[in-house]
Amino acid sequence: MQTKGWLERRMDRLVQRRLGRDIMQRFEALDLDDNEYGYDPFGCSKESLSYAAVIAGWLYRSYFRCEVHGCENVPARGRCLLVANHSGQLPFDALMTVMAIFLEPAQPRVVRSTLERFIPRVPFASYLLSRWGQIVGTPDNCLRLLEDEELVLVFPEGARGIAKPFSRRYQLTRFGRGFMRLALQTGAPVVPMAIIGAEEQAPAINAWPIARLLGAPSFPVVPYPPFFPVIPLPAKYRMYFGEPLTFTGDASDDNAVADNVAAVKQRIQSMIERGLEERRYVFW
Amino acid sequence: MSSGNGSAVEPAARLARSRVVITRANGHMARLVAERLGRLQQYHVVGIGAGRLPDPSAAMEYHQLDSPVDPVGAILRHRDVEAVIDLGAPEAPDRLGDDSRVHDALDTARLLDACVTHSVRKVIVLSSASVYGPRPENTQFLREDAPLRASPAYAWMRDTIDIDAAASSFMQTTTDIAVTILRPVHILGRLRSAASNYLRRPIIPTLLGFDPMMQVIHEQDVAEVIACALSRDTRGIYNVTGPGQIPLSVIIRELGRRRMPIPHLLAGPLWRLAVGRAGKADRSRAGDSMLEADFVRFVCMVDGSRARAELGFQPRFGLRESIRAVD
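The present account deals with the structure reproduced in this document. (Residues numbered from 1 in each chain as written. Chains lettered and ligands numbered in written order. Predicted model: local features only at pLDDT ≥ 70, side-chain atom pairs only at ≥ 80, totals over all residues. Heavy atoms only, no water.)

Bringing the pairing of strand S7 (residues 178-184) of chain B into the picture now. All names here are of chain B. Counting buried positions along S7 yields seven of seven residues, so the element is predominantly enclosed. On S7, burial covers both faces: Ala178, Thr180, Leu182 and Pro184 on one face and Val179, Ile181 and Arg183 on the other are all buried. Sheet analysis places strand S6 (residues 122-126) next to S7, joined by five bridges and oriented parallel. Opposite Lys122, over in S7, you have Ala178 as the bridge partner. Crossover S6 to S7 through helix H6 (residues 155-173) is right-handed. Looking at chain direction, S7 and strand S11 (residues 236-240) are connected through five bridges and run parallel. Bridge assignment links Thr180 to a residue of S11, and that residue is Gly236. (Buried < 20%, exposed > 50% of the residue type's maximum accessible area, 1.4 Å probe, protein only. Helix = DSSP H or I, 4+ residues; strand = E, 2+ residues; numbered from the N terminus. Pairing = 2+ DSSP bridges. Right-handed = clockwise from strand over helix to strand, strands pointing away.)

What follows deals with the packing of aromatic side chains. All names here are of chain A. This structure, assessed with the given rule, holds 11 aromatic pairs over all chains. On the numbers, 5.7 Å between centres and 50° between planes, the contact of Phe64 with Phe92 is tilted. Remark: Phe92 occurs in helix H3 (residues 92-103) and Phe64 occurs in the loop between helix H2 (46-63) and strand S1 (67-69); sequence separation between them is 28 residues. The same class applies to Phe64 as to Phe92, namely buried. Considering the side-chain rings of Phe175 and Phe179, the 6.3 Å spacing of their centres and the 75° angle between planes classify their relative orientation as edge-to-face. An identical accessibility class is assigned to Phe175 and Phe179; each is buried. (Phe/Tyr/Trp six-rings, centres within 6.5 Å; stacked < 30°, edge-to-face > 60°.)

So, about the sheet that holds strand S10 (residues 213-218) of chain B. All names here are of chain B. Strand order across the open sheet formed by three strands is S8-S10-S12, with mixed pairing between neighbours. Edge strands, defined here as strands with exactly one partner in the open sheet, are strand S8 (186-188) and strand S12 (245-247). Ignoring which end each strand starts from, the neighbouring axes of this sheet average 50° apart. Pairing between S8 and S10: three bridges, direction parallel. From the neighbouring strand, Leu188 faces S10, where its bridge partner is His218. Packing of helix H8 (residues 219-231) onto the sheet brings it into contact with S8 and S10, and relative to S10 it is tilted by some 70°. (Axes fitted to C-alpha atoms, helices over the stretch in contact; angles between N-to-C directions. Contact = heavy atoms within 4.5 Å.)

Spelled out as structure tokens, the structure:
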């Protein structure tokens, strides 16, 4: 490869100094299937991750002040499906989960979260998210990663969950069934996860006339400038990882799949309720 | 029909070898395939093409076909042909009216019909993985059964899609002939493939905010996989991947070239303006479509594990060597 320019070398040093030795060691401990140029088959690179970790680490520690419970439930290696509730208009819950699994356990892992299929159309997000290990959420991509013994984060509520108005906070919307088919096909354990605090980062109502006009699934409006959720409020994040659940059965049996999905949803809902009971203040 | 003989093989030895017919034999890809098959010492390569053979030293017997009266049939009838290799359209035409476009008139469908009539045993068609089309919703690695969604708006793509479609439907209707369709990823090397033309520019236009992962393969590895397909008794569609996948920006950096990111909304008009100014003799028409047809915007990658397992193909060139082959 061509040697890096002066500016890039300087940036690298700056990033390394900002992150500190601990985190740089975590990057070295990351198990990534990368080639001689440092890219894995899905375009993830440790170097890009380290750049992102500067800002994401600050958000994790200082802005959302994340609190993690039960991260020993996430297996240190081997295939695993992480299933969580999705909320808060902006996908910071995914980012904070990625950081939690990178910073908290003894063995850091790359979390592969699934992206909506319009993301590759968005300039910069299209390639930056893939450099950070995120994947377009096709069943084939998830299957491939699970068979490569990776950790995949799924939000079965998808856009329904993240776009729901503040009045329905912490109420799970309909769960998709794709994740359960994946779990049955690959035998990957399902780790249920509850994220508390993301709902309060953007208390929004859905201005549905505008949404309908734009043809978008929702148009969130928040009661403070700039009235559209761009910058999240600094709510405190609390993340709970539940004990892994293993499912066996036929992935093409829709009734069994639906029952298993309901069980996981129930599990996450009860974890959310417990988390809400333990929480005394929203912002600290 | 004129017959030029560029082969140094003895007539007696020629009889013992099985005959293999290559189309588009005046192109660079055909030359590589002929060299590769020549090394195996068991094939006698007969090339047919529309223009003159640029390099008479190529290891094949060459027939220049200018007549429209079933010339392929004439060659297949008089000789006992073991296999026909249709090189499709890996090489993009330099400019409109180029001789290499004559292949479309003598198109793949007619070639395949002639193969039935003259009981050829095996047909190999070189298509391209580009026929799947770069799409935002593409899964990272497309398998052979994925739908073909490439845009037919560009001549080079249209040719490839037509050839692939003709070969696929032929494969479904015939049982006597073992049809193998190869869909290699972007071919890099001295040949004028769309990707190579694109990467040979001194300043490479890219799209601002897009840097998709890409798969590349060395041109000699494509000749290698054709040799694999010829020697194995297989049929079907095979994606052919090279040594791995890498972002476009890293390919450009490896080549030591500069890139010029253009906002994608302006890319089409700006680019056509620039190409228009460059004049009609510009040799990168297909290279332009790399930019215009979104190949440098969305992912269009394939899963080549089937070719590895069933054809026994392993790329011999690494990523670095494959990329450097462009120069």
